[in-house]
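# Summary of the model geometry
Listed here are the chains, written in short residue letters.
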Amino acid sequence: MSKPLAYSVAQNFGPAPRQTFEVDRHYLLYAATGTMRLEAENISWSLPPARAALIAANNPIEVTLPVQITCRSVLFLPEFVAPPEKVLSVFDVSPLARELIMECGQWGAEDDPLPDYASGLFKTLASVTWKLAQSPTELHMPMARSDVVRRVLDLTEAGLVERLTFEDVAKEVAVAPRSLARRISAELGMSWRQVLQRIRVIRAVEALSLSDQPITDIAFSQGYQSLSAFNSAFRELTGKSPSAYRASFKS
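Every value quoted in this text rests on a predicted model; they were computed, and no experiment measured them. (Residues numbered from 1 in each chain as written. Predicted model: local features only at pLDDT ≥ 70, side-chain atom pairs only at ≥ 80, totals over all residues. Heavy atoms only, no water.)

## A look at unusual backbone geometry
In this structure, the amide linkage connecting Gly 14 to the following residue, Pro 15, adopts the cis form with an omega of -5°. By the element assignment, Pro 15 lies in the loop between strand E1 (6–13) and strand E2 (16–21). Here the residue pair Asp 112 and Pro 113 is connected by a cis peptide bond, since its omega of 0° sits within 30 degrees of zero. Phi is positive for Ala 50, which is not a glycine, with a value near 65°. Secondary-structure assignment places Ala 50 in the loop between strand E5 (43–47) and strand E6 (51–55). (Helix = DSSP H or I, 4+ residues; strand = E, 2+ residues; numbered from the N terminus.)

Okay, here's the thing in structure tokens:
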């Protein structure tokens, strides 16, 4: 029996190390619990709960599963819907999109052919989520092109809790601070301080999704010296307070 034009499946993945992922259908991945990291086109994305990733068919991406993730996936034949604009996009899911994802969950890979009602639902879901994917979340990092800048990113992430300075990082990679600042800006499109801020918030989002740990503890665990500084940085990147963002996982 051939598989239908579109179908839905509930899945559990991970934990698992970084690996290549590619399918012959456009792949909508809605995360319910856990977090995962996705890489494509020199960008690394974090996918926390209540968000979705749209992956274009026949395009390999890299996936890392630090913890187990529970998700609802919806797969579309390329000839059934228009192609997404990007190979990979991670975005906030609207209430309408969430309801459509859940409603489409009635039809699995064995349901062929789809009834007209289901076919219309899947097309509507594609229309809504393809549009949402055009406004991706800021929870991503450009990927370094050189070994030096990759090392800078590794050191920065490893030293989040410490009072890490740019001079410390420059000394560790044996590059003069001014020269290193230029290389970081050229490869990542941001300063080292902006890199540090973004990594901290991304890791804080992941921490918020994995436990009920107090927000103050999460802020300090990411190297912030005050809750107000953490709240300000978090809101700047996500558009929400940490408590509101966590609440969106629960809804």
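## Side note on the pattern of salt bridges
Tallied over the full model, the rule gives nine salt bridges. The salt bridge involving Arg 150 is made with Asp 147; its shortest N-O contact spans 2.4 Å. In this pair, Arg 150 and Asp 147 are both assigned in helix H3 (residues 147–158), three residues apart and thus about one turn of the helix distant. Notably, a salt bridge pairs Glu 157 with Arg 203, separated by 2.6 Å at the nearest N-O pair. On the criterion of sequence distance, the pair formed by Glu 157 in helix H3 and Arg 203 in helix H6 (residues 192–210) is long-range, its members being 46 residues apart. When its relative accessible area of 18% is taken as the criterion, Arg 203 is described as buried. Each of Arg 37, Glu 157, Arg 203 and Glu 206 takes part in salt bridges that share partners, so that together they form one network. (Salt bridge = Lys/Arg side-chain N within 4 Å of Asp/Glu carboxyl O. Buried < 20%, exposed > 50% of the residue type's maximum accessible area, 1.4 Å probe, protein only.)

## Quick notes on the sheet that holds strand E7 (residues 61–65)
With antiparallel pairing, the five strands of this open sheet are ordered in space as E2-E7-E4-E5-E10. Strands at the two margins of the open sheet, each flanked by one partner only, are E2 and strand E10 (140–142). Taken pair by pair, the neighbouring strands of this sheet meet at an average axis angle of 20°, ignoring direction. Pairing of E2 with E7, which is carried by four bridges, proceeds in the antiparallel orientation. Note on E7: the bridge partner recorded for Ala 16 is Leu 65. (Pairing = 2+ DSSP bridges. Axes fitted to C-alpha atoms, helices over the stretch in contact; angles between N-to-C directions.)

## Digging into the environment of Pro 136
By the secondary structure assignment, Pro 136 is in the loop between helix H2 (116–132) and E10. Given the relative accessible area of 25%, Pro 136 is considered partly exposed. Between the C-alpha atoms of Pro 136 and Ser 89, which are 47 residues apart in sequence, the distance is 5.9 Å. Every residue in contact with Pro 136, bar those within four places of it in the chain, is listed here: Trp 45, Lys 86, Ser 89, Val 90 and Phe 91. (Contact = heavy atoms within 4.5 Å.)

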